[in-house]
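# Architecture at a glance
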Amino acid sequence: MNQPFNPGNAAIDFNQRPFLAIWEVTQACDLACVHCRASAQPERHPSELTTEEGKDLIDQIAALNVPVFVLTGGDPIKRPDLFELIAHAGRVGVRVSLTPSATPLLTRDVVFRLKEAGLARLAVSLDGANAVTHDAFRGMSGSFARTLNAIRWANEAGLPCQINTTFSRRNIDEINDLVALMRTLNITLWSVFFLVPTGRGQLNDLLNADEFEQIFAKLHQLSKTAGFDIKTTEAQHYRRYLLQRRAAERKSGIAPAAPAGRPADMIGRAPRGLNDGKGFVFISHTGEVFPSGFLPLTAGNIRRQSLAAIYRDSPLFRSLRDTAQLGGKCGHCEFKEICGGSRSRAYALTGDPMAEEPCCSYIPSGYIMPPPTVRKGARLHVLQGA
């Protein structure tokens, strides 16, 4: 049975089991988000995992003792068996987080039903500091207001809530306003995503390395006083940034700030070194297993193999966990064991999942940078996963 994860435990052996597993229960969604990695459509796919197959997957998650399990989409609320799946997870000891879409389907009644079914955390997306930006991002009028309502309803229900924000060229100018907005909301975690140009994500919306660093600085400053945790997705080099900043502050005699009181919901925080295929696994709506929702290279299907066998033994996952195979400056970087760069973004821009992180400004000591080699005019990959 899956036990509540203790962040103080010894590090998980990423060769044996993931820390984080995400199941895309459906690709059906009524939104048309500009950055959607799934290129989601309104209708459910006929080959989605069935209820029984979904329960079997959850049983495998329990057997692997995966600390963090997320149901995503598309919009998971489009699945009529969603509450049944969450309740089954609770019976076998798996704590579940959910990422619904802010559409008319996300009502106060649904939020309370999710809590009653045993949901451990609700995660909603907020990609702009105002309705104009956010609703344009999501492709539906009223999404901003529905998101704020969902947060309020979650608080009423006693359901811990996190906010997911994807930064890109479309909202980078609102970062200060977004930081200010986060301070006003009663949330457990701000999960900050950095665009990977896959699915509907456009290469022109990708931020450059210096802009990544600017966001890192904002997040680091906020983390000192925020009443919630902050994590990044597809910005593994934020870990490098934090180590550098803390070392610089110690050298300057600046004492580390005591963290503010933060709500807890027993959802574990990822240890250093987590990366695509390395402590992370993504299962698509049809059972395909990927190293990440943003890396469209399949390692197998749970309809033919167990999740444990795919994760532990597939050549793709094994290579992604081998930092000796990292190319470019990532392969020479002294931070590669705790960072490793985004394998998804490397693949999206070069076609090589082991290439260096394209949006990192750090140059390892003694490394000589070669001329840039980014595939020009390449067709962006459409991932079978949200």
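For the structure itself, look to the data block above.
Residues numbered from 1 in each chain as written. Predicted model: local features only at pLDDT ≥ 70, side-chain atom pairs only at ≥ 80, totals over all residues. Heavy atoms only, no water.

### Points about the sheet that holds strand 3 (residues 96-98)
Our working definition: Criterion used throughout: strands pair if DSSP finds at least two bridges between them. Runs of E in the DSSP output that reach at least two residues are strands. Runs of H or I that reach at least four are helices, and both are numbered from the N terminus. Two residues form a contact once any of their heavy atoms are found within 4.5 Å. To obtain an axis, a line is fitted to C-alpha atoms, over the contacting stretch when the element is a helix, and the angle between two such axes runs from 0 to 180 degrees between their N-to-C directions.
Across the sheet, which stays open at both edges, the ten strands sit in the order 7-6-5-4-3-2-1-8-9-10 with mixed pairing between neighbours. Among the strands making up the open sheet, the edge pair consists of strand 7 (229-233) and strand 10 (300-301). Looking at chain direction, strand 8 (residues 280-283) and strand 9 (residues 288-290) are connected through two bridges and run antiparallel. Counted as the bridge partner of Phe 282 is Phe 290 from strand 9. Those strands touched by helix 2 (residues 82-91) are strand 1 (20-24), strand 2 (68-72) and strand 3, and its axis lies near 155 degrees from that of strand 3. Seen against the sheet, helix 6 (residues 175-184) touches strand 5 (161-167) and strand 6 (189-194) and runs at an angle of roughly 180 degrees to strand 5.

### Focus: the side chain of Arg 121
The condition that has to hold: N or O atoms closer than or at 3.5 Å make up a polar contact, with two conditions inside protein: a donor-capable atom paired with an acceptor-capable one, and, for residues adjacent in sequence, both atoms drawn from side chains.
In this fold, Arg 121 is placed in strand 4 (residues 121-125). Within the local environment of Arg 121, its side chain forms a polar contact with the side chain of Gln 162, the two groups lying 2.9 Å apart.

### Re the nonpolar core
Here is the rule we go by: Among buried residues, the Ala, Val, Leu, Ile, Met, Phe, Trp, Tyr and Cys ones that are joined through side-chain atoms within 4.5 Å form a nonpolar core. The buried label goes to any residue with under 20% of its type's maximum accessible area, the exposed label to any with over 50%, and the partly exposed label to all in between, with areas taken from a 1.4 Å probe on protein chains only.
Judged by nonpolar contacts, the single largest core of 100 residues is most densely connected at Trp 23 and Trp 190. Per element, the largest residue contribution to this core is six residues, and it comes from helix 5 (residues 143-157). Apart from the residues within four sequence positions on either side, Trp 23 is in contact with Leu 49, Gly 54, Leu 57, Ile 58, Phe 69, Val 70, Leu 71, Thr 72, Arg 79, Leu 85, Ile 283 and Ser 284. Counting residues in hydrophobic clusters, the runner-up holds six residues, among them Cys 333, Phe 335, Ile 338 and Tyr 362.

### Structural notes on helix 12 (residues 343-350)
Of all eight residues in helix 12, seven are buried; the element is thus mostly enclosed. Taken together, the buried positions of helix 12 are occupied by Arg 343, Ser 344, Arg 345, Ala 346, Tyr 347, Ala 348 and Leu 349. Where helix 12 is buried, its residues contact strand 6, helix 7 (209-223), helix 10 (315-320) and helix 11 (328-332). Downstream of helix 12 by a residue or two, Gly 351 has a phi angle that is positive, lying close to 85 degrees.

### Structural notes on the environment of Ile 12
Residue position: Ile 12 is located in the segment before strand 1. Residues Ile 12 and Val 66, spaced 54 residues apart in sequence, show a C-alpha to C-alpha distance of 9.6 Å.

### Topic: the packing of aromatic side chains
We apply this condition: Any pair of Phe, Tyr and Trp rings, taking the six-membered ring for Trp, is counted once the centres come within 6.5 Å. Such a pair is stacked with planes under 30 degrees apart, edge-to-face with planes over 60 apart, and tilted for the rest. To sit over a ring, a charge needs its Lys NZ or Arg CZ within 6 Å of the ring centre and within 35 degrees of the ring normal.
For the coordinates displayed, the defined rule picks out ten aromatic pairs. Measuring from ring centre to ring centre gives 6.3 Å for Phe 167 and Trp 190, while their planes differ by 65 degrees; the resulting arrangement is edge-to-face. Highlighted residues: Phe 167 in strand 5 and Trp 190 in strand 6, separated in sequence by 23 residues. We classify Trp 190 as buried; its relative accessible area is 0%. Plain terms: the ring middles of Phe 212 and Phe 216 are 6.2 Å apart, the flat faces sit at 85 degrees to each other, and that makes the pair edge-to-face. A residue pair is termed a helical-turn pair when its members lie 3 or 4 positions apart in one helix, as Phe 212 and Phe 216 do in helix 7 at four residues. There is no split in this pair, since Phe 212 and Phe 216 are both buried. Grouping aromatic residues by their ring pairs yields a cluster made of Phe 194, Phe 212, Phe 216, Tyr 238 and Tyr 241. In this structure, Arg 113 packs its charged tip against the face of Phe 83, placed 3.8 Å from the ring centre. Over the face of the ring belonging to Tyr 311 we find Arg 321, whose NZ or CZ atom lies 4.6 Å from the ring centre.

### Remarks on the pairing of strand 4
Taken across its five residues, strand 4 has five buried, putting it largely inside the fold. Of the two faces of strand 4, the one carrying Arg 121, Ala 123 and Ser 125 and the one carrying Leu 122 and Val 124 are both buried. Note that strand 3 and strand 4 share two bridges and pair parallel. For Leu 98, the partnering residue across the bridge sits in strand 4 and is Leu 122.

### Concerning empty space enclosed by the protein
This is how the line gets drawn: A 1.4 Å probe that fits into a set of points on a 1 Å grid over the protein atoms alone but cannot get out defines a cavity; an open set with protein on both sides within 12 Å along at least five of seven lines defines a pocket, and lining residues are those with an atom within 4 Å of a point. Grid points are joined across faces, edges and corners, and a volume is the space filled by probe spheres set on the points. Throughout this entry, Asp, Glu, Lys and Arg are counted as charged residues, while Ala, Val, Leu, Ile, Met, Phe, Trp, Tyr, Cys and Pro are counted as nonpolar. The remaining residues, Gly among them, count as polar.
Under the counting rule described, the total for this entry stands at two cavities of 30 Å³ or more. Of the volumes computed, that of the largest cavity is approximately 110 Å³. Every residue lining the largest cavity is counted, 14 residues in all, and those nearest its centre are Cys 330, Cys 333, Cys 339, Gly 341 and Cys 360. Residue classes in the lining of the largest cavity are distributed as seven nonpolar, three polar and four charged.

### Things to note about the side chain of Thr 165
In this fold, Thr 165 is placed in strand 5. According to the relative accessible area criterion, Thr 165 is buried, its value standing at 0%. At 2.8 Å, the side chain of Thr 165 and the side chain of Trp 190 are in polar contact. Ignoring any residue separated from it by four or fewer positions in sequence, one finds Thr 165 in contact with Leu 126, Asp 127, Asn 171, Leu 178, Met 182, Trp 190, Ser 191, Val 192 and Phe 193.

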